[in-house]
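# Structural description and commentary
Here is what each chain is made of, one letter per residue.
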Amino acid sequence: MPVNFFRVLSLGGIFADIFLTLPHIYKPMKITLLTVGKTDKDWVKQGLDIYMSRLKHYIPFSIVEIPELKNVSAMTKDQIKSKEGELILKNIRPSDDVILLDERGKEYSSVELAGIIRDKMSYSGKDIVYVIGGAYGFSEAVYQRANSKLSLSRMTFSHQMVRAIFAEQIYRAFTIIKGEPYHHE
């Protein structure tokens, strides 16, 4: 079972010093947001930049953008989902914990999401890849590969907007984990 990073740091003193000097034993978890299509709205890019710069103080966080398919007018929705699914799966390692942002996923409060992330950091040892699919959703192959599904809301948001909202929620989760005064109940 991986070492609980937050428990070791809370011990302080020599335990934390020893723990932090053993990078070959402790590999920090990474979070990746995998998206279909480029972020093309300036206000979304600005929001992402704000939260990515804040997140770097807590965890390695990156965004991987899969290019949108070309010449899709002659393709069916299922063909588009299948092609996008192939590209999504090429960007996922077998060891990744894959969580789809999906309208049929489970909804959590910000505090609950923070608890889930904290537990994954403490016990799983896997990197997390959150995936935002294309306009028609995910292929069956992507659903089969996913470890779970997460819904940000029962409302529908544009795929561009979800990027900024999700990055903010990950930042909020880390401030909750650390007990910092960003989130208010």
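## Brief notes about the overall build of the protein chain
Secondary structure assignment for the protein chain yields seven helices and five strands. Each helix and strand of the protein chain, placed in order from N terminus to C terminus, yields the pattern α-α-β-α-β-α-β-α-β-α-β-α. Residues counted as buried form 43% of the 185 residues belonging to the protein chain. Contacts in the protein chain between residues at least 24 apart in sequence constitute 81% of all its contacts with a sequence separation of at least 6. On the protein chain, roughly 10900 Å² of surface is accessible, and the fraction owed to carbon and sulfur atoms is 55%.

## Quick look at helix α5 (residues 110-124)
For α5, built from 15 residues, the straight-helix expectation of 21 Å at 1.5 Å per residue is met to within 8% by its first-to-last C-alpha distance of 20 Å. Listing the buried residues of α5 in full gives S110, L113, A114, G115, I117, K120, M121 and S122. Positive phi shows up at G125, right after α5, with a value of about 75°.

## Quick notes on the packing of α5 against helix α7 (residues 159-178)
Closest axis-to-axis distance for the α5/α7 pair is 8 Å, and the angle between their directions is 75°. Classified by the interaxial angle, the pair formed by α5 and α7 is roughly perpendicular. Residues S110, V111, L113, A114, I117, R118 and M121 of α5 form the contact with α7, whose participating residues are Q169, I170, R172, A173, F174, I176 and I177. Class assignment of the residues belonging to the contact of α5 with α7 gives a composition of 10 nonpolar, two polar and two charged.

## Considerations on the sheet that holds strand β3 (residues 97-107)
Strand order in the open sheet formed by five strands is β2-β1-β4-β3-β5, with parallel pairing between adjacent strands. Two strands lie at the open edges of the sheet, namely β2 (61-66) and β5 (148-151), each paired on one side alone. The sheet shows a mean angle of 35° between the axes of neighbouring strands, taken without regard to direction. Pairing of β3 with strand β4 (residues 128-132), which is carried by five bridges, proceeds in the parallel orientation. Note on β4: the bridge partner recorded for V98 is V129.

## Here we look at the confidence of the model for the protein chain
This prediction gives the protein chain a mean pLDDT of 87; 85% of its residues lie at or above 70. Scored below 50 in pLDDT, residues 1-25 makes 24 contacts in the model with residues more than four places away or belonging to other chains.

## Examining the side chain of K120
Structurally, K120 is set in helix α5. Those residues in contact with K120 that sit more than four places away from it in its chain are M29, D97, I99, G125 and I128.

## Observations concerning the pattern of salt bridges
For the structure shown, the criterion picks out eight salt bridges. A salt bridge links D127 to R93; its shortest N-O distance comes to 2.5 Å. Remark: R93 occurs in the loop between α4 (77-90) and β3 and D127 occurs in the loop between α5 and β4; sequence separation between them is 34 residues. The class for R93 is partly exposed, based on a relative accessible area of 38%. Residue D119 is joined to R118 by a salt bridge in which the shortest nitrogen-to-oxygen separation is 3.6 Å.

The rules behind the values
- Residues numbered from 1 in each chain as written.
- Predicted model: local features only at pLDDT ≥ 70, side-chain atom pairs only at ≥ 80, totals over all residues.
- Heavy atoms only, no water.
- Helix = DSSP H or I, 4+ residues; strand = E, 2+ residues; numbered from the N terminus.
- Buried < 20%, exposed > 50% of the residue type's maximum accessible area, 1.4 Å probe, protein only.
- Contact = heavy atoms within 4.5 Å.
- Areas by Shrake-Rupley, 256 points an atom, 1.4 Å probe, with all protein chains shown as cover.
- Expected span 1.5 Å × (residues − 1).
- Axes fitted to C-alpha atoms, helices over the stretch in contact; angles between N-to-C directions.
- Parallel < 35°, antiparallel > 145°, perpendicular 65-115°, else oblique.
- Nonpolar A, V, L, I, M, F, W, Y, C, P; charged D, E, K, R; others polar.
- Pairing = 2+ DSSP bridges.
- pLDDT = per-residue confidence, 0-100.
- Salt bridge = Lys/Arg side-chain N within 4 Å of Asp/Glu carboxyl O.

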